[in-house]
Amino acid sequence: MILDHLEAFRIKYCSSVTTTVFGLYTKELVGTSVLDFIDTEDIYDVQEELREIVRDEAVSNRINFAFVSHSGLKTEFQASVSYTDDGIILIAQVNPEEMLQSIGEIDLTWPK
């Protein structure tokens, strides 16, 4: 995902993988602010992190946040975020802790 450098942090580009990762089509995301999809509990911290990245032109930071789709589905993510002249590059993955927790809830016993 590539975000603009401006205060709104609008999404300039996202790959088709975002449909799988975030559950939204690229056309639903491009042009909107990434902040529109951040959980209210995380929005202040994420906004401050993004401002800091722009201010410092940071090469790499890691942020954690909950992404909330239009349907209300909330998923915890971990992202590497970097400043470039073209925009802020955000590479997100499901938070590994949440992934392990989800796996722990699956019954992996062999059928009898």
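These lines cover the structure that appears in this document, whether it is placed above or below.

Calculation notes
- Residues numbered from 1 in each chain as written.
- Predicted model: local features only at pLDDT ≥ 70, side-chain atom pairs only at ≥ 80, totals over all residues.
- Heavy atoms only, no water.
- Salt bridge = Lys/Arg side-chain N within 4 Å of Asp/Glu carboxyl O.
- Helix = DSSP H or I, 4+ residues; strand = E, 2+ residues; numbered from the N terminus.
- Buried < 20%, exposed > 50% of the residue type's maximum accessible area, 1.4 Å probe, protein only.
- Expected span 1.5 Å × (residues − 1).
- Arc of directions from axis to C-beta.
- Contact = heavy atoms within 4.5 Å.
- Lys, Arg positive; Asp, Glu negative; His and termini not counted.
- Polar contact = N/O pair within 3.5 Å; in protein donor to acceptor, adjacent residues only side chain to side chain.
- Core = buried A, V, L, I, M, F, W, Y, C linked by side-chain atoms within 4.5 Å.
- Pairing = 2+ DSSP bridges.

Considering the pattern of salt bridges
All chains considered together, the criterion is met by four salt bridges. The residue E48 makes a salt bridge to R51 at a minimum N-O spacing of 2.5 Å. Of this pair, E48 and R51 are both found in helix α3 (residues 43-56), three residues apart, which corresponds to roughly one turn of the helix. The partly exposed category is assigned to E48, whose relative accessible area is 30%. Using a relative accessible area of 30% as the deciding quantity, one classes R51 as partly exposed. Salt bridges sharing common partners tie together E7, E48 and R51.

Comments concerning α3
Here α3 spans 20 Å end to end across 14 residues, near enough to the 20 Å set by a 1.5 Å rise per residue. Where α3 is concerned, the buried positions are V46, Q47, L50 and I53. In an axial view of α3, the angular spread of the buried residues amounts to 125°, which keeps them on one side of the axis. Every exposed residue of α3 that faces more than 90 degrees away from the buried side is listed here: Y44 and R55. In this structure, the buried side of α3 is in contact with β1 (2-3), β3 (61-68), β4 (74-84) and β5 (87-94).

Quick look at the side chain of D4
Topologically, D4 is positioned in the loop between β1 and β2 (11-13). It turns out D4 is buried and unbridged, and the closest side chain with the opposite charge, R10, is 5.3 Å from it. One polar contact links the side chain of D4 to the main-chain amide nitrogen of F9, over a distance of 3.3 Å. Sequence-distant contacts of D4, defined by excluding residues within four places in its chain, comprise F9, R10, K12 and I88.

A short note on the nonpolar core
In terms of nonpolar packing, the biggest core is built from 25 residues, with M1, L3 and L50 touching the most fellow members. Residue assignment for this core shows that the elements contributing at least two residues are α3, β3, β4 and β5. Per element, the largest residue contribution to this core is four residues, and it comes from β4. With residues near it in sequence (within four places) discarded, M1 still touches I11, Y13, C14, T18, F22, L29, V34, I88, I89 and L90.

What to know about the pairing of β3
Here eight bridges tie β3 to β4, and the two strands are oriented antiparallel to one another. Counted as the bridge partner of R62 is S80 from β4. Counting the residues that bridge the hairpin from β3 to β4 gives five residues, and of these G72 lies at a positive phi of roughly 95°.

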